[in-house]
Amino acid sequence: MQKEWEFDSLDQQKAVFGAQDQWVNMIEKAFHVEIGLRDGLMEIRGENADRVLAGCVIDSLMQLYNRGETIRDEMVSRLIEDAENGSLDQTFAAMDSVVTMNYKGLPIKCKTPGQQNYVKMLREKTVTICIGPAGTGKTYLAVAQAAQELKDGTIERIIMSRPAIEAGEERLGFLPGDLAQKVDPYLRPLYDALNDVFGPERADKLREKGIVEVAPLAYMRGRTLNHARIIIDEGQNASLSTLKMALTRLGEESRMVLTGDVTQIDLPRKSDSGLEKAAAILSRVEGLGVFRLTNRDVVRNKIVKDIVRAFEKADEEKERKHYYTNRRPSGERFHSQAGQAPKGEA
């Protein structure tokens with residue numbers, strides 16, 4: 001690994017260092033190195049192994065700048081983490097994987113190896129079940145892939161649906177307006193994804209023409225959906241029987257993706273959720289794939305990944321305490337008082 005780096009331009013140097021040396025400070029802190037400039041050259045000082053990892057991240061940032069990428073906080077954090085885990089090459093390759101172009105002519109790309117494999121499954125399988133935490137791009141990438149399929153002519157329409165379930169303990173009561181206006185708030189996340197990929201104006205026109213349809217999951221009953229990409233979002237908030245109904249709507253030349261986050265079940269009883277049950281039942285069905293994204297695939301603000309990890313750690317600790325509290329070692333006798341056997345035993 002080289003000891004010095006020469007920048008092609010002042011703009012490249014600024015992009016790699018970040019505003020007020022923000023990115024360089026993150027790298028220094030992560031790998032316990034010192035990074036400085038001398039005579040226009042950047043130098044990394046520290047233990048050899050740490051210097052190598054820091055240099056890999058610097059090289060990646062320079063390449064991303066040369067590819068026209070806008071370097072952000074979560075991107076630098078991901079590169080640092082993947083350098084530590086030895087998966088930087090896979091991440092960098094994934095970040096070059098284009099799903100489609102958005103309405104501004106900019107590429108929508110995968111950002112993690114997990115996302116890249118998820119999109120690969122969307123392209124290869126008739127039905128994909130994707131389970132993962134918030135911020136991993138489950139729905140967004142499904143919409144992007146559907147947009148590309150629409151452009152390619154492999155489908156004629158996109159149908160997006162989710163259960164009309166209130167979040168957590170919120171109870172909104174009666175909403176004003178006609179039926180469409182009542183359910184629209186529940187479908188807003190789907191509209192947001194459509195607008196981001198197609199642009200608000202084109203998304204509206206596609207909905208007016210019926211090429212894109214957004215509807216509550218209950219509206220799927222009794223239909224046969226041909227030549228379509230069907231996206232069922234928030235699957236954790238549907239029962240097994242409801243998911244069976246949705247999955248069996250699949251018609252000729254259609255594909256479906258069912259997404260959900262089993263850590264955010266809003267049903268009155270979490271045990272009523274059918275997502276994990278459906279994944280277990282259908283895992284061996286030919287043409288159907290089950291894919292799991294993890295907190296390593298979170299691509300929102302860096303703090304979202306930290307929040308997901310904190311909740312996962314809390315859940316693991318809760319399960320561990322529950323296990324030891326209810327554990328009863330095999331063959332062990334319990335006595336009401338030390339040295340006193342239970343009644344009926346000598």
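To be clear, the structure that these remarks concern was listed above.
Residues numbered from 1 in each chain as written. Predicted model: local features only at pLDDT ≥ 70, side-chain atom pairs only at ≥ 80, totals over all residues. Heavy atoms only, no water.

### Details of helix α7 (residues 138-152)
With 15 residues, α7 ought to run about 21 Å at 1.5 Å a step, and its terminal C-alpha atoms sit 21 Å apart, in line with that. Where burial is concerned, most of α7 is hidden: eleven out of the 15 residues are buried. Those residues of α7 that sit buried are K138, T139, L141, A142, V143, A144, Q145, A146, A147, E149 and L150. Looking one or two residues beyond α7, the residue adopting positive phi is G153, at roughly 80°. (Helix = DSSP H or I, 4+ residues; strand = E, 2+ residues; numbered from the N terminus. Expected span 1.5 Å × (residues − 1). Buried < 20%, exposed > 50% of the residue type's maximum accessible area, 1.4 Å probe, protein only.)

### Looking at helix α4 (residues 73-85)
Within an α-helix, residues lying three or four positions from one another point in the same direction, as the helix has 3.6 residues per turn. Helix length check: α4 (13 residues) gives 19 Å between terminal C-alpha atoms against 18 Å at 1.5 Å per residue, within 8%. Most of α4 is tucked away, with ten of its 13 residues classed as buried. Taken as a whole, α4 has its buried residues at E74, M75, V76, S77, R78, L79, I80, E81, D82 and A83. Following α4 by one or two positions, G86 adopts a phi angle in the positive range, close to 75°.

### Observations concerning a positive patch on the surface
Together, K151, R202, K205 and K209 make up a positively charged patch on the protein surface. By relative accessible area, which is 43% here, R202 ends up partly exposed. (Patch = residues over 30% accessible without salt bridge, like charges linked within 9 Å, V, L, I, M, F, W, Y side chains within 5 Å. Areas by Shrake-Rupley, 256 points an atom, 1.4 Å probe, with all protein chains shown as cover. Salt bridge = Lys/Arg side-chain N within 4 Å of Asp/Glu carboxyl O. Lys, Arg positive; Asp, Glu negative; His and termini not counted. Charge placed at Lys NZ, Arg CZ, Asp CG, Glu CD.)

### A few points about the side chain of E149
In this structure, E149 sits in helix α7. With residues near it in sequence (within four places) discarded, E149 still touches L122, T154, I155 and R229. (Contact = heavy atoms within 4.5 Å.)

### What about the nonpolar core?
Y118, I158, M160, L194, F198, V214 and I231 are the most contacted members of the largest nonpolar core, which has 33 residues in total. Secondary structure elements with two or more residues in this core: α6 (113-124), α7, β7 (157-162), α8 (179-198), α9 (200-208) and β8 (212-216). Excluding anything up to four places from it in sequence, L194 contacts V143, M160, G199, A203, R207, V212 and V214. In terms of nonpolar packing, the next biggest core, distinct from the first, is built from 29 residues, F17, V57, M75 and I80 among them. (Core = buried A, V, L, I, M, F, W, Y, C linked by side-chain atoms within 4.5 Å.)

### A few points about the packing of aromatic side chains
Scanning all chains against the criterion turns up two aromatic pairs. Ring geometry for Y118 and F291: centres 6.2 Å apart, planes at 25°, overall stacked. Taken together, the positions of Y118 in helix α6 and F291 in strand β11 (residues 288-292) put the pair 173 residues apart, joining distant regions of the chain. Pair check on accessibility: Y118 and F291 agree, each one buried. (Phe/Tyr/Trp six-rings, centres within 6.5 Å; stacked < 30°, edge-to-face > 60°.)

### Some remarks on the sheet that holds strand β2 (residues 34-38)
The strand order across the open sheet built from three strands is β1-β3-β2, with neighbouring strands paired in antiparallel fashion. Of all the strands in the sheet, the pair left with one neighbour each is β1 (4-6) and β2. Across the sheet, the axes of successive neighbouring strands diverge by a mean angle of 25°, strand direction being ignored. The pairing of β2 with strand β3 (residues 41-45) spans five bridges and is antiparallel. Directly across from L37, in β3, lies its bridge partner M42. (Pairing = 2+ DSSP bridges. Axes fitted to C-alpha atoms, helices over the stretch in contact; angles between N-to-C directions.)

### Brief notes about a negative patch on the surface
Taken together, the side chains of E312, D315, E316 and E319 make up a negatively charged region of the molecular surface. Relative to the assigned elements, E319 resides in helix α12 (residues 302-326).

### Comments concerning the sheet that holds strand β6 (residues 127-131)
Across the sheet, six strands lie side by side as β8-β7-β9-β10-β6-β11; this open sheet has parallel pairing. Only two strands of the sheet have a single neighbouring strand rather than two, namely β8 and β11. Each strand of the sheet is rotated relative to its neighbour by a mean of 15°, with strand direction disregarded. Here β6 runs beside β11; their pairing, made up of five bridges, is parallel.

Read these as layout, nothing more, since geometry by itself doesn't imply function.
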